[in-house]
Amino acid sequence: MTSSTIYPPLGSGCEYYSKLDKYISPDGFKFSPQSCMLIGDMEKHLNIDIPKVGCCKFNDRNNVPIRLKKNGEPVKTQKEIIDGVNYEGVLVNFIGVKDYLWKKKDTEGIYFITLNGHIVKIGMTENSFCERFCSYVCGCRRAMNKGSCSTTNFVICEVLYGALQLGLHVDIYGIQIPKEKKEINVYGQTCICPVSVVRAHEEIITNRYKNVIGILPPLCVQHASNTS
């Protein structure tokens, strides 16, 4: 952090959701990123190239410049950013590397969140990576207070915020999967409908990870073996 702003302290999100302390505390992580598989090793196991599609940064003035009008004056409404130790809004931003990877339509995808190259989360989306990670940032403390927040989104954002505080690089890698279509005949009519296959990809990849490491990535929080 290079800003003079005082940020919410490490692990302070546990005050909003007690189960967050399974992953992080004021002393640091409750898991070891270094024990997780490297993204390069996953490429070898799957025998494919997995490109970097995005990264995660603090939601602060360093990463969110002031928007200006054509005449150089600031736009009246600016995006909210971290403004102090009690800030309850969005803590992190997810930024795409290239639009054709980050925002591509008509695709599904598998994504990998890495800390210094180590995979801590494998997930899937039936839309673009941009749309999935836009939903992640809804997991803020203000929303958790209101009870309108996905606990999965909250845990992911809080842990990644903590990773940035600890000086780790947070990157997102992705495998794009073209959407498939199938012709079906129902009620005497034939139609073409989309068919999602991304869940099968996710299951195969997470099982491959578990077969090698012995456990799933620590932030696969909705997986049955990680919810005990």
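Residues numbered from 1 in each chain as written. Predicted model: local features only at pLDDT ≥ 70, side-chain atom pairs only at ≥ 80, totals over all residues. Heavy atoms only, no water.

**Student:** Would you take a moment to explain the pairing of strand β6 (residues 118-125) for this structure?
**Tutor:** Put simply, side chains in a regular strand alternate between the two faces of the sheet. Of all eight residues that make up β6, eight are buried, and the element is covered over most of its length. By the bridge criterion, seven bridges tie strand β5 (residues 107-115) to β6 in an arrangement that is antiparallel. Paired with G109 across the strands is T125, a residue of β6. (Buried < 20%, exposed > 50% of the residue type's maximum accessible area, 1.4 Å probe, protein only. Helix = DSSP H or I, 4+ residues; strand = E, 2+ residues; numbered from the N terminus. Pairing = 2+ DSSP bridges.)

**Student:** What exactly am I supposed to notice about the packing of aromatic side chains here?
**Tutor:** Within a pair of aromatic rings, the relevant descriptors are the distance that separates the centres and the angle that separates the planes. In this structure the tally under the stated criterion is 10 aromatic pairs. When the centroid spacing of 6.2 Å and the interplanar angle of 90° are considered together, the rings of Y111 and Y136 count as edge-to-face. Residue Y111 is located in strand β5, and its partner Y136 is located in helix α3 (residues 129-136); the two are separated by 25 residues in the primary sequence. Three or more aromatic residues link up through ring pairs in this structure, and these residues are F94, W102, Y111, F133 and Y136. Directly above the aromatic system of Y136 lies the positively charged group of R132, at a separation of 3.8 Å from the ring centroid. (Phe/Tyr/Trp six-rings, centres within 6.5 Å; stacked < 30°, edge-to-face > 60°. Lys NZ or Arg CZ within 6 Å of the ring centre and 35° of its normal.)

**Student:** It is not clear to me how the sheet that holds β6 should be interpreted in this structure. Could you clarify?
**Tutor:** Note: strands within a sheet are paired through backbone hydrogen bonds, in either parallel or antiparallel orientation. Across the sheet, which stays open at both edges, the five strands sit in the order β4-β3-β7-β5-β6 with antiparallel pairing between neighbours. Pairing within the sheet leaves two strands with one partner each, and these edge strands are β4 (92-96) and β6. Averaged over all neighbouring strand pairs, the angle between strand axes comes to 25°, with direction disregarded. The sheet contact formed by β5 and strand β7 (residues 170-178) spans nine bridges and is antiparallel. Its bridge partner lying in β7, L115 is registered against V170. (Axes fitted to C-alpha atoms, helices over the stretch in contact; angles between N-to-C directions.)

**Student:** Can you walk me through the pattern of salt bridges in this structure?
**Tutor:** Note on pairing: side chains with opposite charge can pair once their charged atoms come close. Enumeration according to the criterion identifies four salt bridges in this entry. Between D171 and K52 there is a salt bridge; the shortest N-O distance is 3.0 Å. Taken together, the residues D171 in strand β7 and K52 in strand β3 (residues 52-58) connect sequence positions 119 residues apart. Residue class for D171 comes out buried when judged on its relative accessible area of 13%. The closest approach of N and O atoms between R141 and E158, which form a salt bridge, is 2.8 Å. (Salt bridge = Lys/Arg side-chain N within 4 Å of Asp/Glu carboxyl O.)

**Student:** Help me out: how do you make sense of helix α5 (residues 151-165) in this one?
**Tutor:** Note: α-helices contain 3.6 residues per turn, so residues at a spacing of three or four share the same orientation. Across its 15 residues, α5 extends 21 Å between first and last C-alpha, which sits within 8% of the 21 Å expected from 1.5 Å per residue. Counting buried positions along α5 yields 13 of 15 residues, so the element is predominantly enclosed. Once α5 finishes, G167 follows within two positions and takes phi at roughly 85°, a positive value. (Expected span 1.5 Å × (residues − 1).)

**Student:** Help me understand the packing of helix α1 (residues 39-46) against helix α6 (residues 198-213) in this model?
**Tutor:** The packing of two helices is summarised by the inter-axis angle and the distance between the axes. The interhelical angle for the contact between α1 and α6, taken along N-to-C directions, is 110°, at an axis separation of 11 Å. Considering their axes alone, α1 and α6 lie roughly perpendicular with respect to each other. Facing α1, whose interface residues are M42, H45 and L46, α6 presents I205, R208, Y209 and V212. Considering only residue class, the contact of α1 with α6 consists of five nonpolar, one polar and one charged. (Parallel < 35°, antiparallel > 145°, perpendicular 65-115°, else oblique. Contact = heavy atoms within 4.5 Å. Nonpolar A, V, L, I, M, F, W, Y, C, P; charged D, E, K, R; others polar.)

**Student:** I'm lost on the nonpolar core in this one. Help?
**Tutor:** Nonpolar side chains in soluble globular proteins tend to end up buried together. The biggest cluster of nonpolar side chains holds 63 residues, and the ones touching the most others in it are M42, F94, I110, F112, L115, I122 and L160. Top element by residues in this core is α5. It accounts for nine residues. Once you skip the residues sitting within four places of it in the chain, M42 turns out to touch M37, I50, F112, I119, I122, I205 and Y209. (Core = buried A, V, L, I, M, F, W, Y, C linked by side-chain atoms within 4.5 Å.)

**Student:** Looking at this model, I keep getting lost on the packing of α3 against α5. Mind explaining?
**Tutor:** Contact geometry of α3 with α5 gives a least axis separation of 9 Å together with a crossing angle of 90°. Classified by the angle between their axes, α3 and α5 sit roughly perpendicular to one another. Between α3 and α5, the residues in contact are R132, S135 and Y136 and N153, I156 and C157, respectively. A class-by-class count of the residues in the contact of α3 with α5 yields three nonpolar, two polar and one charged.

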